[in-house]
Structure formats: C-alpha cells, structure tokens
Amino acid sequence: MLSERRLEVLRAIVQDYVGTEEPVGSKALTQRHNLQVSPATVRNDMAALEDDGFIAQPHTSAGRVPTDKGYRLFVDKLAGVKPLSHPERRAIQNFLDGAVDLDDVVGRTVRLLAQLTRQVAVVQYPSLTRSTVRHVELLLLAPARLMLVLITDTGRVEQRMVDCPAPVSETTVADLRARLNSRIAGQRFAEVPPLVQDLPESFDLEDRGTISALLATLLETLVEETEERLMIGGTANLTRFGHDFPLTIRPVLEALEEQVVLLKLLGESTESGMTVRIGHENAHEGLSSTSVVSVGYGSGEEAVAKLGVVGPTRMDYPGTMGAVRAVARYVGQILAES
C-alpha cells in the first residue's frame, strides 16, 4: 500500500499532466501543490512511485508521466466524480428534451457527449431483448394483409407485415388488438409467449388461422437476435490529441470503425454501473493508448443499453465520469417519460 503522501503526489502528477500535457517534475509539483514537504522528499516519493510502476520517465524529458497503472489507482482511489454545474445540467436537459423519437434521442445524446467531454462518444440503442411491450398496433392494409407495429418501453418501434390465410374484418382486427394489449402491454418480451398461446382458441374458427399467423410474426419479432445498433460521434476530437498516441492515430480510428469492438468496449449492457477501462485493459490492440468510460442507461432500474466515451489515457477522468453519468441519467428519464 502507498502512503497517503505518495498518493497525494500521484494525484498531483496526474492532475498536472492532464492539465498541462507536459511531463511533471518535483520542483513544479512543490510550487503548484500544497504538499507540505521539501522538493527532495517529493523526488524520493516520485522515485518510489516510478519503481512501483505508477509513473514513468519519457525518454526525452526530466519529468514524469502517469502509466496505465498510475491512472488506474487514480480512478479507483483518488478521483471523485465531478458533478456538472447547474447551467450544464439545464443545458443537457433542454437539448435532450427537444428529441422527437428514439433515433433523435440517440443522435442528440452522441452530439452532446462529444461536445461535453471533447472525446469520441458512443451510444448503444436500447436492446430489444431487455425491453417491455408498451403497445401493439394492428392496421388492416388489405382484406388479407395486416401491419403489426410493436412499440417498446424504450421508444423502439418494430413493424412487420402479416399475410393472412383468409380475409379478416375490421371488427376482428379491433377485437384482436384490444385482447392482445390487455394481455401483453407492460410485460417483458420473455414473458409474452405463454400469455398469448391460447389466444386463437378464443376466436371464431374461421379467424383462427389469421390469429395464429399474426402471433407467429409477433413472437418471431420478440425473439429475433436483432443486430445491436450503435451511433458514434466526435471522432474528429481525437485529432486534437495526436501527440497522445505513440505512433499514429490510425489504429484507434480503425478500431472505432468496428461495431463488434465498440460493443465489447462498452461491456455488457445489463451492467448499469460506471466502467472505466484504461490503456492496456482494453483487449483490442488498436485501443491500448485509449481509455473508455461507460455506463448503463434505461427507463427503470435495469440498464437497457450503454453509452460512453473513448479518448486518450491522458483524460480528465473526474469530469468525463461526471458528464457520462449525468447524460445517462437524463436519457433514462426521457425514455421513462416518452
């Protein structure tokens, strides 16, 4: 375990390096921070931190910079989450409140996160498999053709066409719509199949084929392994940090183009807590010079998807964590109210 004083020295090094982009020396530390010890003592503490792998000396400089291990200790032990100011929170709410549908919510969230953190923002669309049914709409398009519209609690809308084996009346469609919603509205997707399995038997014999065809389409929609969708924004922000990437920014940009990589980066969407992955903790080689801050969001207690940011390891962790958490909270509120 590091002593309290050495933890304070590490905190000061991280803060100065993030703020100035310059390797940090003992003299500068004692001048900028109230460490209450001599520069010689700070030098000894820095030597011990270097021996333990928390800081390192770039080959060209007399100063020191934090390593992945140093940033990890800073995030776990030393960095609180910096709350947003009241004007920042109000600006987030006003910007997101203007959204008209789920695509707009996700698009606005990406732009907002990228602007607030000046990093790359990644937002996952709510997963169908963790959703509940808000409403089912049935529209009679032709005597033997229906449109099924499934609306989820997260505002996601799925549309399917159903070809019926025989013509069906408006009265039957209205009756089916009412019975279907009374049984499954508010239910989790996984709970729907047993609730509707005996529905065809409650209709006249000539309508049962149509009811069965419609239910088959509905159940297929519920269990579909729909492709997880993402939106990404603010990639141009990375160009401001060119010197933070050892050789070139290209591996980072290539990794960000791969959706599978991004989904793994964000982590399991059922985990609602804050996750910070630093440097080599990211499994993808192209992202070993980046950090990822992500958190789950949802309309209730359980997360239905993740959002987060990707940036260099030299990141304002308290500020970034605060922004990511605040945006996730507002998105969750909007989904709950929509």
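Residues numbered from 1 in each chain as written. Predicted model: local features only at pLDDT ≥ 70, side-chain atom pairs only at ≥ 80, totals over all residues. Heavy atoms only, no water.

Engineer: Would you explain the layout of surface pockets in this entry?
Structural biologist: Unfilled space is identified by rolling a water-sized probe across the atoms. Empty space within the second largest pocket amounts to approximately 420 Å³. Lining the second largest pocket are 19 residues, with Leu 116, Thr 117, Arg 118, Asp 316 and Thr 320 positioned closest to its centre. Elements with a minimum of two residues in the lining of the second largest pocket: helix H1 (4-20), helix H6 (102-117) and helix H12 (317-337). Among the elements that line the lining of the second largest pocket, the one with the most residues is H12, at three residues. Classifying every residue of the lining of the second largest pocket gives seven nonpolar, five polar and seven charged. (1 Å grid on protein atoms, 1.4 Å probe; cavity = no way out; pocket = protein on both sides within 12 Å on 5 of 7 lines; lining within 4 Å. Points joined across faces, edges and corners; volume = space filled by probe spheres on them. Helix = DSSP H or I, 4+ residues; strand = E, 2+ residues; numbered from the N terminus. Nonpolar A, V, L, I, M, F, W, Y, C, P; charged D, E, K, R; others polar.)

Engineer: For this particular structure, what's the right way to read the sheet that holds strand S8 (residues 275-278)?
Structural biologist: Two orientations exist for strands paired in a sheet by backbone hydrogen bonds: parallel and antiparallel. Strand order in this open sheet of five strands is S7-S3-S10-S9-S8, and the pairing throughout is antiparallel. The sheet is open, and its two edges are formed by strand S7 (230-233) and S8, each paired on a single side. Averaged over neighbouring strand pairs, the angle between their axes works out to 15° when direction is ignored. Against the sheet, helix H11 (residues 259-266) engages strand S3 (120-124), S7, S8, strand S9 (290-297) and strand S10 (305-312), with an angle of about 90° to S7. (Pairing = 2+ DSSP bridges. Axes fitted to C-alpha atoms, helices over the stretch in contact; angles between N-to-C directions. Contact = heavy atoms within 4.5 Å.)

Engineer: Explanation requested: the side chain of Asn 237 in the structure shown.
Structural biologist: Locating Asn 237 in the fold gives a position in the loop between S7 and helix H10 (250-256). Judged by its relative accessible area of 17%, Asn 237 falls in the buried class. Aside from chain neighbours lying at most four places away, what touches Asn 237 is Ala 114, Arg 118 and Gln 119. (Buried < 20%, exposed > 50% of the residue type's maximum accessible area, 1.4 Å probe, protein only.)

Engineer: Would you mind going over the packing of aromatic side chains with me for this structure?
Structural biologist: For any pair of aromatic rings, the description rests on two quantities: the centre-to-centre distance and the angle between the ring planes. Summed over the entire model, instances satisfying the criterion amount to one aromatic pair. Judged by centre distance (5.6 Å) and plane angle (50°), the rings of Tyr 71 and Tyr 317 are tilted. Of this pair, Tyr 71 sits in helix H4 (residues 68-78) while Tyr 317 sits in helix H12, and the two are 246 residues apart along the sequence. Each member of the pair, Tyr 71 together with Tyr 317, is buried. (Phe/Tyr/Trp six-rings, centres within 6.5 Å; stacked < 30°, edge-to-face > 60°.)

Shape is all these values report; function is a separate question.
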